Amino acid sequence: MPELETDADSLAVQGFVRDGRPAGVRNHVLVVPSVICSGVVAETVAERVPEATCTPHDHGCGQIGADEAQTRRTLVNVCENPNVAGVVLVGLGCETISSESLAAELDVPVRQTAIQTAGGTDEAIAEGCEAATDLVADARQGDRQRVDPSELTLGVAVGDLSDSTVEYVAPEVGRLARRVLDAGGRVVFAGAEALVPHADAVEELTTGEKTAADLRDVLTEHRETVTPTGLRRAAADQSAGAVAALWDGAPVADVLQYGEQATHESGVAVVDSRGGFEESATALAAAGAQVVVHATADGVPTGHPVVPVVKVTGNAETAAAMPADIDVDATNPDDSLLGVTRGVLAGDASAAEDHGLTSFAISRAGPSL
């Protein structure tokens, strides 16, 4: 594997400076439906304003309790991701999570419309297009500039813990994570399921008693309420250290709820993510990650509309079968995860971005009415 440079300048983030937020490595104007019922209107707005990006989802209606709180928290924190320059919220008008209430919680440039209050579908589309056009014009005023790599939050998603992932991918991702941590940045890991078989090792994985207790609580809940996944079953055949290698074994400093924004100054946080890659990527975007590295032996090609996703595999057959969908073949000594990620941080399109393969999904915390 290639030797990585040892100076922090190797991260050299080229980003868009934000007011009161870390710099973003993308400059998205999001069109966000507050509810499934306004999704088509939001998508129409994004289609008519090509530089806008839509995040369609099937939430926001009839949600109660923890389910409503989780969706609201996730939408707010995704909208406040550093990669977001501005947000157009599109509501229906009678939903549980309204566009107006979300707008009141945001500390980013935001405009909102609702179908029922705007006067109907056509009127809401017109209002949304006008708002998106204005925000896109404002976003164009920002230029990339060099920013301190300590502002970087790296998201790590693991799709599997196959032998190839453990042998080839984990060391590469771990070295990248260490580079971010040494520069004063943060790493957020979405894969609590992978730690469930290793709940007895939480003390040695974390920085203190509170973090250990928080992580133990999350793992206990997963064990008791979540159907075991292939990731969990594979993790049982690996050591706790093999999982922690994905962040170079650095002690976990915090445990985040799904959709929660990371607030620890530096270090590693484990995100209580559930579901597939799409839900995990959304959790990482809500946590504040500007870029996500996805370990995938099977070559899942899906990206995310808010954060660029770097696909890395340790399966040489996958890399050969899907060369245009995999960013890094960790079995190839000529491929450098650091080098590819550095390019993505400077504006290069990842494979998923190049194909326009994005998906946005939010995990459920309970039933809706």
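Everything discussed here concerns the structure shown above.
So, how was this worked out
Residues numbered from 1 in each chain as written. Predicted model: local features only at pLDDT ≥ 70, side-chain atom pairs only at ≥ 80, totals over all residues. Heavy atoms only, no water. Buried < 20%, exposed > 50% of the residue type's maximum accessible area, 1.4 Å probe, protein only. Helix = DSSP H or I, 4+ residues; strand = E, 2+ residues; numbered from the N terminus. Pairing = 2+ DSSP bridges. Right-handed = clockwise from strand over helix to strand, strands pointing away. Contact = heavy atoms within 4.5 Å. Axes fitted to C-alpha atoms, helices over the stretch in contact; angles between N-to-C directions. Phe/Tyr/Trp six-rings, centres within 6.5 Å; stacked < 30°, edge-to-face > 60°. Lys NZ or Arg CZ within 6 Å of the ring centre and 35° of its normal.

Focus: the pairing of strand β12 (residues 309–313)
Argument step 1. The element β12 is extensively covered by neighbouring structure, given that 5 of its 5 residues are classed as buried.
Argument step 2. Side chains V309, K311 and T313 of β12 all project onto a buried face; the interleaved residues V310 and V312 project onto the opposite face, where all are buried too.
Argument step 3. The sheet contact formed by strand β11 (residues 291–295) and β12 spans 4 bridges and is parallel. Each bridged residue has a counterpart across the sheet, and for H294 the counterpart in β12 is K311.
Argument step 4. Tracing the backbone out of β12, into helix α12 (residues 316–321) and back to the parallel element strand β13 (residues 328–329) gives a crossover that is right-handed.

With respect to the sheet that holds β11
Argument step 1. An order of β9-β10-β8-β7-β11-β12-β13 is seen for the 7 strands of this open sheet, with the pairing classed as parallel. If you trace the sheet from one side to the other, it starts and ends with β9 (252–256) and β13, each paired once.
Argument step 2. Pairing between strand β8 (residues 186–190) and strand β10 (residues 267–271): 5 bridges, direction parallel. In the strand pairing of β10, F189 is matched with V270.
Argument step 3. The strands that helix α8 (residues 209–225) touches are β9 and β10; relative to β9, the one it contacts most, it runs at about 45 degrees.
Argument step 4. Those strands touched by helix α11 (residues 277–287) are β7 (153–158), β8, β9, β10, β11 and β12, and its axis lies near 155 degrees from that of β8.

A short note on the packing of aromatic side chains
Argument step 1. Scanning the entire structure with this criterion turns up 1 aromatic pair.
Argument step 2. Consider the rings of F189 and W247, whose centres lie 4.7 Å apart with planes at 55 degrees: the pair is tilted. Linking F189 in strand β8 with W247 in the loop between α10 (240–244) and β9, this pair joins segments that are 58 residues apart in sequence. Accessibility classification places F189 together with W247 in one group, the buried group.
Argument step 3. In this structure, K311 is placed above the aromatic ring of F277, and the distance from its NZ or CZ to the ring centre is 4.1 Å.

Examining unusual backbone geometry
Argument step 1. Positive phi, normally seen in glycine, also occurs at D248, with a value near 60 degrees.
Argument step 2. Mapped onto the secondary structure, D248 falls in the loop between α10 and β9.
Argument step 3. The class of D248 is partly exposed, set by a relative accessible area of 35%.

Structural notes on the sheet that holds strand β5 (residues 110–114)
Argument step 1. With parallel pairing, the 4 strands of this open sheet are ordered in space as β3-β2-β4-β5. Looking at the sheet topology across the chains shown, the edges are occupied by β3 (52–54) and β5. Between one strand axis and the next, the sheet turns through 25 degrees on average, direction left out of account.
Argument step 2. The sheet contacts of helix α2 (residues 65–79) involve β2 (28–33) and β4 (84–91), and relative to β4 the element is tilted by about 140 degrees.

Focus: the environment of E100
Argument step 1. Tracing the backbone through its elements, the reader meets E100 in helix α3 (residues 99–105).
Argument step 2. E100 sits 11 residues away from R111 along the chain, and the two C-alpha atoms are 9.1 Å apart.

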